[in-house]
Amino acid sequence: MKISVPSPAWLDEPLGGIEKVELLNVSLPFVAPFGTSVATWNSKDALLLRMEDKGLTAWGECVADPDPYYAGETTGTARHIIKDFLLPELKPELSLAGLLGRFRRVRGNEMAKAALENALLDLIAKRRDQPLHELLGFPAKRVMSGISIGFQDDIPALLAKVEEAAASGYHRVKMKIGRGRDVEWVRAVRERFPGIALMADANGDYSLEDAGLLARLDEFKLTMIEQPLSYHDIYQHSLLQARLETPLCLDESIHGCDDAEAAIALKSCRVINIKQGRVGGLLEAVRMAGLCAARGIPAWSGGMDETGIGRALNIQLQAAPGFTLPGDTSETRRYFHEDIAEPPVVLDKEGFIAMPSGPGIGVKVIPERVEKHLLARERIK
Ligand code: OSB
Ligand code: MG
């Protein structure tokens, strides 16, 4: 079956010259540490790509962390791939479609590719004075909200976090689980909040031998369990899914539409978390959402604790059809005391998030704040 992809004329128009390209590393301290089964992060250390041309400034944020604990890519490997293999392909006469075609030679490294593609999409949209969702051909809409609560020191602390999230109006709550912090923690949340849409994310902490333990979660009516098994597995998830009532959702294992097709065909999951950075950029994410819709698989937009740049992009993305479930799209204030972009993401009275209305990603990056949180800056071109 052919999946409809937006293929408007701008994809095939020459990109033209770009006066300046820079890579910047920033470090934004988190309001509170974010703990998962694989790592605890105290700050968002992001690699940013900044492009300047004819008075316009465009941004891309690489979702990789400085460490390889969530994914194999890091801010360091992404810098290397962008600088030494992707940016050298960028020629004024080449279109975005042509450039992405050349990127296919570079295997993997989806996060690096996404950062560059997304910056170029921001630039193209700003040149046309259009918000990204409009460039892609999708009308603006309010997007659903969701919150991902990291590990807490004890169950009362977790209950307090869930209480706060529910009171704020989030449409669903995700809690992290891992070995030794699963059944009793989920039970406590479910008993206290019987009516909330609740899910659990294991970040690959279990193996197939834990199927019996994971089946004990069925009684809590979770909307899904995210990535219980290994970060690169698709097959064993199909064996586990067959033994559980609770839908499985894949995150780490899905790097593009081919993986999504395989996971759906094998019945490895009933839901997919689409992170545009993990799948290689906004266009592949739109395609994947279309694929999921065509296959009857609910999908949602994941998050990587992004700064305001990546957060705005994730919101623009959700204008595309196929994002039928609330994503990990939360208010700015739960991550940072001070973000590098304005305005911050906030929930409205019904818990929805408005699409930023400015050109491109739609938010303004504040240069002084980037300077304040800057670790390194490198001019490439
Ligand atoms: O597994 O979805 C994940 C954050 C960093 C790395 C991996 C994950 C996450 C989250 C938080 O769960 C999502 C967010 O709030 O942006
Ligand atoms: Mg996850």
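Overview of the structure. (Residues numbered from 1 in each chain as written. Chains lettered and ligands numbered in written order. Predicted model: local features only at pLDDT ≥ 70, side-chain atom pairs only at ≥ 80, totals over all residues. Heavy atoms only, no water.)

### Observations regarding the packing of helix H5 (residues 155-168) against helix H6 (residues 183-192)
Line of reasoning, step 1. Closest axis-to-axis distance for the H5/H6 pair is 10 Å, and the angle between their directions is 45°. Comparing their axes, H6 and H5 come out oblique. Like other packed secondary-structure pairs, H5 and H6 cross with a definite hand, here right-handed. Here Ile155, Leu158, Leu159, Val162 and Glu163 of H5 lie close against H6, whose contacting residues are Glu184, Trp185, Ala188, Val189 and Arg192. (Axes fitted to C-alpha atoms, helices over the stretch in contact; angles between N-to-C directions. Helix = DSSP H or I, 4+ residues; strand = E, 2+ residues; numbered from the N terminus. Parallel < 35°, antiparallel > 145°, perpendicular 65-115°, else oblique. Left-handed = near helix turned anticlockwise from the far one by under 90°. Contact = heavy atoms within 4.5 Å.)

### Examining helix H3 (residues 110-127)
Line of reasoning, step 1. Look at H3: 25 Å from first C-alpha to last across 18 residues, which is about the 26 Å you get at 1.5 Å a residue.
Line of reasoning, step 2. Among the 18 residues of H3, 17 are classified as buried, and the element is accordingly described as predominantly covered.
Line of reasoning, step 3. Just downstream of H3, Asp129 is the residue with a positive phi angle, here 55°. (Expected span 1.5 Å × (residues − 1). Buried < 20%, exposed > 50% of the residue type's maximum accessible area, 1.4 Å probe, protein only.)

### Looking at the side chain of Asn314
Line of reasoning, step 1. Inspection of the secondary structure assignment puts Asn314 in helix H11 (residues 308-317).
Line of reasoning, step 2. Within the structure, the side chain of Asn314 is placed 3.3 Å from the side chain of Gln276, a separation counted as a polar contact.
Line of reasoning, step 3. Here Asn314 is in contact with Gln276, Ser301, Gly302, Gly303 and Glu306, once residues within four sequence places are set aside. (Polar contact = N/O pair within 3.5 Å; in protein donor to acceptor, adjacent residues only side chain to side chain.)

### A word on the coordination of the magnesium ion (ligand 2)
Line of reasoning, step 1. Surrounding the magnesium ion (ligand 2) are the protein donor atoms Asp201 (OD), Glu226 (OE) and Asp251 (OD), which sit 2.2 to 2.3 Å from the metal.
Line of reasoning, step 2. Going along the chain, you hit the donors of the magnesium ion (ligand 2) in the pattern D-x24-E-x24-D. On the criterion of sequence distance, the pair formed by Asp201 in strand E6 (residues 198-201) and Asp251 in the loop between strand E8 (248-250) and helix H9 (257-265) is long-range, its members being 50 residues apart.
Line of reasoning, step 3. A relative accessible area of 0% means that Asp251 is categorised as buried. (Donors = N, O, S within 2.8 Å, 3.2 Å for Na, K, Ca; no water.)

### Overview of the packing of aromatic side chains
Line of reasoning, step 1. In total, this model carries two aromatic pairs according to the counting rule given.
Line of reasoning, step 2. An angle of 25° between the planes, with centres 5.7 Å apart, marks the rings of Phe30 and Phe336 as stacked. One end of the pair, Phe30, is in strand E1 (residues 20-35); the other, Phe336, is in the loop between H11 and strand E11 (341-342), and 306 residues separate them in sequence. One exposure class covers both Phe30 and Phe336, and it is buried. (Phe/Tyr/Trp six-rings, centres within 6.5 Å; stacked < 30°, edge-to-face > 60°.)

### Looking at the pairing of strand E5 (residues 173-176)
Line of reasoning, step 1. Residues Val173 and Met175 line one face of E5 and the alternating positions Lys174 and Lys176 line the opposite face, and both faces are buried.
Line of reasoning, step 2. As paired strands, strand E4 (residues 147-149) and E5 are joined by three bridges and run parallel to one another. Bridged to Ile149 within E5 is Met175.
Line of reasoning, step 3. Pairing of E5 with E6 involves four bridges; the strand directions are parallel. Looking at E6, one finds that Lys174 is bridged to Met199.
Line of reasoning, step 4. For the crossover from E5 across H6 to E6, the handedness is right-handed. (Pairing = 2+ DSSP bridges. Right-handed = clockwise from strand over helix to strand, strands pointing away.)

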